[in-house]
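Letter by letter, the chains look like this.
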6 protein chains.
Amino acid sequence: MDELRPVTFTRNWLDHAEGSVLVEFGRTRVLVAASVTEGVPRWRKGSGLGWVTSEYDMLPRATNTRNDRDARKGRVGGRTHEISRLIGRSLRGIIDYSALGENTIVIDCDVLQADGGTRTASITGAYLALSDAVAWLRGRGLLAGEPLLGSVAAISVGIVGGVPMLDLCYEEDSTAEVDMNIVCSGTGDFIEVQGTAEGKPFDRDLLNQLLDLGQAGCAELTGLQAAALHGEVQKQ
Amino acid sequence: MDELRPVTFTRNWLDHAEGSVLVEFGRTRVLVAASVTEGVPRWRKGSGLGWVTSEYDMLPRATNTRNDRDARKGRVGGRTHEISRLIGRSLRGIIDYSALGENTIVIDCDVLQADGGTRTASITGAYLALSDAVAWLRGRGLLAGEPLLGSVAAISVGIVGGVPMLDLCYEEDSTAEVDMNIVCSGTGDFIEVQGTAEGKPFDRDLLNQLLDLGQAGCAELTGLQAAALHGEVQKQ
Amino acid sequence: MDELRPVTFTRNWLDHAEGSVLVEFGRTRVLVAASVTEGVPRWRKGSGLGWVTSEYDMLPRATNTRNDRDARKGRVGGRTHEISRLIGRSLRGIIDYSALGENTIVIDCDVLQADGGTRTASITGAYLALSDAVAWLRGRGLLAGEPLLGSVAAISVGIVGGVPMLDLCYEEDSTAEVDMNIVCSGTGDFIEVQGTAEGKPFDRDLLNQLLDLGQAGCAELTGLQAAALHGEVQKQ
Amino acid sequence: MDELRPVTFTRNWLDHAEGSVLVEFGRTRVLVAASVTEGVPRWRKGSGLGWVTSEYDMLPRATNTRNDRDARKGRVGGRTHEISRLIGRSLRGIIDYSALGENTIVIDCDVLQADGGTRTASITGAYLALSDAVAWLRGRGLLAGEPLLGSVAAISVGIVGGVPMLDLCYEEDSTAEVDMNIVCSGTGDFIEVQGTAEGKPFDRDLLNQLLDLGQAGCAELTGLQAAALHGEVQKQ
Amino acid sequence: MDELRPVTFTRNWLDHAEGSVLVEFGRTRVLVAASVTEGVPRWRKGSGLGWVTSEYDMLPRATNTRNDRDARKGRVGGRTHEISRLIGRSLRGIIDYSALGENTIVIDCDVLQADGGTRTASITGAYLALSDAVAWLRGRGLLAGEPLLGSVAAISVGIVGGVPMLDLCYEEDSTAEVDMNIVCSGTGDFIEVQGTAEGKPFDRDLLNQLLDLGQAGCAELTGLQAAALHGEVQKQ
Amino acid sequence: MDELRPVTFTRNWLDHAEGSVLVEFGRTRVLVAASVTEGVPRWRKGSGLGWVTSEYDMLPRATNTRNDRDARKGRVGGRTHEISRLIGRSLRGIIDYSALGENTIVIDCDVLQADGGTRTASITGAYLALSDAVAWLRGRGLLAGEPLLGSVAAISVGIVGGVPMLDLCYEEDSTAEVDMNIVCSGTGDFIEVQGTAEGKPFDRDLLNQLLDLGQAGCAELTGLQAAALHGEVQKQ
């Protein structure tokens, strides 16, 4: 109940990207790529500040039944938009734009297979890809300082059958009475807290239990991230 | 700091809609309309269940500087999508779809003027418009039971200059270190909790202060909603 | 038959816009906002000329039954396009672009409730919002002269049951045999004349009666506009 | 000044369409195709009524300089929408939907070369293509009666250099002070009148001169249409 | 079986375009326009190189039954995209961008009537329109050299009822077992070869027969193109 | 020059899809998923025939520099459309729709990393995913016969520096004078042949060399496909 599913991070899964990682939380698999470009969007030019943005999407057959592609429908779906924005906010909480200098990093999180927790796997992996992209910039002397103020990890928690649970798979998630995503910094503080009653409203006590569970899960992920960053030579 | 801005609800602001209200939280003004249609979307036919959905949008000059219309750009923006979904989730928490029968209610929240808190004003007003639309259905004998399991209200809270504050206006919101939206049922339980660190991550203690403030604010709004529902004859 | 419905103009209905008015023609309510920006679109830069443009739209539940939003459909509807262009043409007839200098004014006409005559209410209100926006520019010394060459007002006329009528509400309009919109300058000349046979074609004599009625209606609106401009302190 | 440019109608320009004509007003060339399908749109089924609709578009190099295609921009432009709607209204004025039975006719007007008056050439040609499509239906015994209540023709008039002129070419049109389109039935009555002051507002006297000119021009076109319908065997 | 349908080229069919031709292959009719603009797209500025691009489209009633317009659907169809790209590739094979200088030529191929072979008629006509547009540039001294390295022509071939055939009309094409398009330079070499088994896979021997037939057809078209270029005074 | 890059097929890479394979041609990696649904699109209902369709896309950072997502631009790009259609045509060449019964199979080919030959890797992998999806249907007794008439494989060939080469990587492809894709059935016959001169036109002799090379490459891939199908237990 309070255990993470098996988590693996395969850094540098891509040959071209400045940072990349294949994140697996159980059967959920997300490919995260960090792309660096020198320069920033027009409206930010001359500010001395960098820019980090993020896009989330899912392959059509990541799920049990196939979904149509947004591109074919000619528009980005609401859920896709919502999660892209969440990932962006989560990363902005740990970035010093002055230290990044006028560089842009785009984080693409593409879900190859979905089994619950795709948004939290995306955020947790995005930190690793971002970290490698920053190292790539550092190696080229393109930074004005240290742009990473800390690390970030995220996990889903929920109430299933009245019991608080950590890291829900799809089957658990679809029957959860409360569904919550916790994004924490490496220091254990909150960057984002977002919980929804799927059935009846929940009280303060249940909320507290979920927060406890989520903070503990994030702490564990922070440890795994650190191990992943030390255990492998970073992309040259 | 812990006070709501002046709140007014003008029910039946529209002549055609089955439920409508002009909600004002300080200078924020949102026109909420509830539209009833008999029948449900195709995928729900024959289920005996009703459907409630919600759309949020903002007039181009609701804000300090003019924004282009989504329709002209040919796509719905991410923020618009995100808030529409939040409103929908908040209402679904208090609805019994069986009791609603195979009827559809669409809630349109259009921001006429924005000064912070447009999403929480929308949710709070949406409850009133929904309530009037349900009364309209009841008056026509179209319900299978009582579809409203309770009421819902929402308020924004945040940390500004290190101090927790209730019901932030735009100026306060744009300098807030933490920005949070609390959606509560009339019984004081949580339907949605969503908080973001705009600057540095926040700790559990600050989170608790914000939750206290938000629950109190929602309770006050619940009282104002009840008064509005009793103080005016509902739309026939 | 030859009477306007009750007409009210509430200037400065919005706090942010440089000019704004809530126009009511009977139960038709249009919120008009004029937004000023210094500078002109790229293709007009360096010409010394200003630019005025206009957009019209309708809230989904302005009408008896709800309409889907253009933004959700990903395209602007034909009727919306047609009316936006009409409003733009009507205003351009009274503007001296040299005197406006390189400033842009965007007029947004959003129909909050529709009961016939939304396009003519929009034009009539647009003149007031434009006038206030010009005053705002004048107060800041940003004008090269007097950009308003005159005033403009508009009214609908039609043949209902064989009888010429002024200012049709929706019910009258939907049964009209001829439907016409007259846009006049304050001097009583024509800026736009647009009439359509909804049923059988109409002859020159009926056309003349409609033109008489429309010119008289516009003259009355011109008086009401002048009163509105004098009766209230303009936006500072 | 009061003369039409050379007008030619080449009926049956296309091999597949049930009705088609290449219309030329001077150097303006419009290809009009009428497509018949049995049945009507879903919302009209079972009504016993037919349906006629119309679309207007322009090839990218119809004009002096090339315009981008709407399809590439992903949206229909405002001018295209406006003219499509005008053509539709003009035709609906002469159609008896009961007599048409549950058949649909789509009129496509595609401007191959533009030199002023493309909308009036489209309407004038649309009558011929529609007439041939109706004959095609009649030949197959698919009509419930005579769906054409009369004929329709259209011409542009304007004030150029203070002088009223008939059938303006592009160069004349672009300097016109007043620009007007007159749509008349074969009996000389009005189906649509639409005039705009491009410069200063115009008075009733000028309007009357333009109406005289337009009615005379339409009468002449009515004669040319009749000749075209008799001079050539209709499409079998 | 190895004969072209009647082919006609009517150069300068349009008055405005720098190059234009109405191409007819049997009942297939394509209007090709070449539009010249000085300058190149932003990403090519300062390179000293010109740019040639191409767009293909079809009028809604070019075919037996009417097709909806891409612009109304808000997107370009796959077939339209594919053919536009094919035309572009075919022309790029004979152009020297340095000699063209920083000029852009856009080739628009619009199918007025379709009876098979619209893409090959488009390519064959595009060479003539391009050639006239180049002559127009040459006449104004805007070229840095001779941009046309040769000519290009295209023809369709196929296997119908087991027999190789040249220049298939729609009825033949729709029953063909193999469908192939051959694009050749004036020297008889290949610029593009594209063949598809519509039914069962085809062997090398059949492929060779189709290639023979296609090369012969292209050679004949090359002769007709040369005659067209000499037989008419080019556009001044 | 005449050697394939290392080719690997990882079948059942996904847990949900009825057929799936991760295809690698050198550094090119494509994830192919086959999704089965009972029933066919509306226009095919009651025909007794099945349906197979295909979509191709590329992750934004599959390439050296990041590309924007089609979904964000609101439209499918021309290249994406072209390749999706090619894959569809290639598969249709080996399918017996009657034997498939009224079932639909959608093949999604998503390029995770691109290094040349993504369309041929997609087709080659699509055969394996399709084959597994057919086995899945067979296992459930949902087939009316054997829908696969044979196998299909595809490879790119080209002329680089005057020398014919097999299976070009991106660097080779971008400097190729001729670029060709060969799609063959398992019996060595052609399903699609598509070659383009990137520089100067190519003669029949070079074309023959490329066809030889391509047929040999496809034969080798056919062998590898067979091994992959036998070497692993198919998805249950």
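Residues numbered from 1 in each chain as written. Chains lettered and ligands numbered in written order. Predicted model: local features only at pLDDT ≥ 70, side-chain atom pairs only at ≥ 80, totals over all residues. Heavy atoms only, no water.

1. Comments concerning the UniProt feature "domain: Exoribonuclease phosphorolytic" (unreviewed entry) in chain A
Residues and elements named next belong to chain A. Applicable threshold: UniProt positions are given in the numbering used here, feature names are shortened, and annotations may be inferred rather than shown by experiment. Helix and strand definitions follow DSSP, with helices as H or I runs of at least four residues and strands as E runs of at least two, each counted in order from the N terminus.
Taking the UniProt record as the reference, the feature "domain: Exoribonuclease phosphorolytic" (unreviewed entry) is found at residues 3-133 and 151-216. Spanning residues 3-133, this segment combines 30% helix with 32% strand, and its end C-alpha atoms are found 30 Å apart. Helix makes up 29% of residues 151-216 and strand 44%, whereas the separation of the span's terminal C-alpha atoms amounts to 15 Å.

2. Here's the deal with the pattern of salt bridges
Stated precisely, the cut-off is as follows: Salt bridge, as applied in this entry: a Lys or Arg side-chain nitrogen positioned within 4 Å of an Asp or Glu carboxyl oxygen. Partly exposed residues are those whose accessible area sits between 20% and 50% of the maximum for their type, while under 20% is buried and over 50% is exposed, using a 1.4 Å probe and protein chains only.
Summed over all chains, the structure comprises 115 salt bridges over all chains. When the shortest N-O distance is used, the salt bridge between Arg27(E) and Asp15(D) registers 4.0 Å. Of the two residues, Arg27(E) sits in the loop between β2 (19-25) and β3 (28-38) while Asp15(D) sits in the loop between β1 (7-11) and β2 (19-25), which places them in two different chains. Here Asp108(D) and Arg69(E) are joined by a salt bridge, their closest N and O atoms 2.7 Å apart. Residue Asp108(D) is found in strand β5 (residues 103-113), and its partner Arg69(E) is found in the loop between β4 (51-58) and α1 (70-73); the two belong to separate chains. Here Arg69(E) falls in the buried class, since its relative accessible area comes to 9%. Here the salt bridges do not stand alone but share partners, grouping Glu55(A), Asp57(A), Asp108(A), Asp110(A), Arg66(F), Asp68(F) and Arg69(F) into one network.

3. Observations regarding the relation of the copies chain B and chain A
Note the threshold: Copies are brought into register by a least-squares superposition over C-alpha atoms of residues with pLDDT of at least 70 in both. Every residue pair with non-hydrogen atoms within 4.5 Å of one another is taken to be in contact.
Superposition of chain B onto chain A requires a rotation of 180 degrees combined with a translation of 0.0 Å along the rotation axis, giving an RMSD of 0.0 Å. With respect to symmetry, the two chain copies, as superposed, fit the operation of a two-fold axis. Looking at the rotation axis and the C-alpha trace of chain B, the residue lying nearest is Gln194(B), at 2.1 Å. Interface overlap between copies is the fraction of interface residues in one copy that are interface residues in the other; for chain B against chain A it reaches 100%, indicating a shared surface.

4. A word on the relation of the copies chain A and chain F
To go from the first copy of the chain to the second, apply a rotation about an axis and then a shift along the same axis. Superposing chain A onto chain F requires a rotation of 180 degrees together with a translation of 0.0 Å along the rotation axis, leaving an RMSD of 0.0 Å. A share of 100% of the interface residues of chain A reappears at the interface of chain F, consistent with the copies meeting face to face through the same patch.

5. Focus: the interface of chain B and chain A
Size of an interface: often given as the accessible area lost when the parts come together. Heads up, the rule is: Buried area adds together the accessible area that both of two parts lose upon being put together, with accessible area traced by a 1.4 Å probe. Whenever a nitrogen or oxygen atom comes within 3.5 Å of another N or O atom, the pair is scored as a polar contact, on the condition that within protein one atom can donate a hydrogen and the other can accept it, and that pairs from neighbouring residues in sequence are kept only if both atoms are in side chains.
Taken together, the contact pairs 29 residues of chain B with 29 residues of chain A. Summed over both partners, the interface of chain B with chain A buries about 2,700 Å², with 49% contributed by carbon and sulfur atoms. Taken as a group, Glu82(B), Phe190(B) and Arg204(B) account for 23% of the area that chain B buries against chain A, more than any other trio of residues on that side. The salt bridge involving Arg85(B) is made with Glu82(A); its shortest N-O contact spans 3.0 Å. Linking chain B to chain A there are 19 residue pairs in polar contact (both at pLDDT 80 or more). If you list the elements that add at least two residues to the side of chain B that touches chain A, you get α2 (78-92), β9 (190-197) and α6 (204-231) of chain B. No other element matches β9(B), which puts eight residues into the side of chain B that touches chain A.

6. So, the layout of surface pockets
This is how the line gets drawn: Definitions used for this entry: grid spacing 1 Å over protein atoms alone; cavity, a set of points where a 1.4 Å probe fits but cannot get out; pocket, an open set with protein on both sides within 12 Å along at least 5 of 7 lines; lining residue, one with an atom within 4 Å of a point. Grid points are joined across faces, edges and corners, and a volume is the space filled by probe spheres set on the points.
A volume near 360 Å³ is recorded for the second largest pocket. In this structure, the second largest pocket is lined by 19 residues; those nearest its centre are Ala71(A), Arg72(A), Arg75(E), Val76(F) and His81(F). At the level of secondary structure, the elements contributing two or more residues to the lining of the second largest pocket comprise α1 (70-73) of chain A together with α1 (70-73) of chain D.

7. A few points about the interface of chain A and chain F
Taken together, the contact between chain A and chain F spans 38 residues of the former and 39 residues of the latter. Carbon and sulfur atoms make up 48% of the surface buried where chain A meets chain F, a total of about 3,400 Å² over both sides. On the chain A side of the interface with chain F, the three residues burying the most area are His16(A), Arg61(A) and Arg72(A), jointly 24% of the side's total. Where chain A meets chain F, there are 16 salt bridges.

8. Section: unusual backbone geometry
Phi is positive for Asp167(A), which is not a glycine, with a value near 55 degrees. The backbone phi angle of Asn12(D) is positive, close to 55 degrees, even though this residue is not glycine. Looking at the secondary structure, you find Asn12(D) in the loop between β1 and β2.

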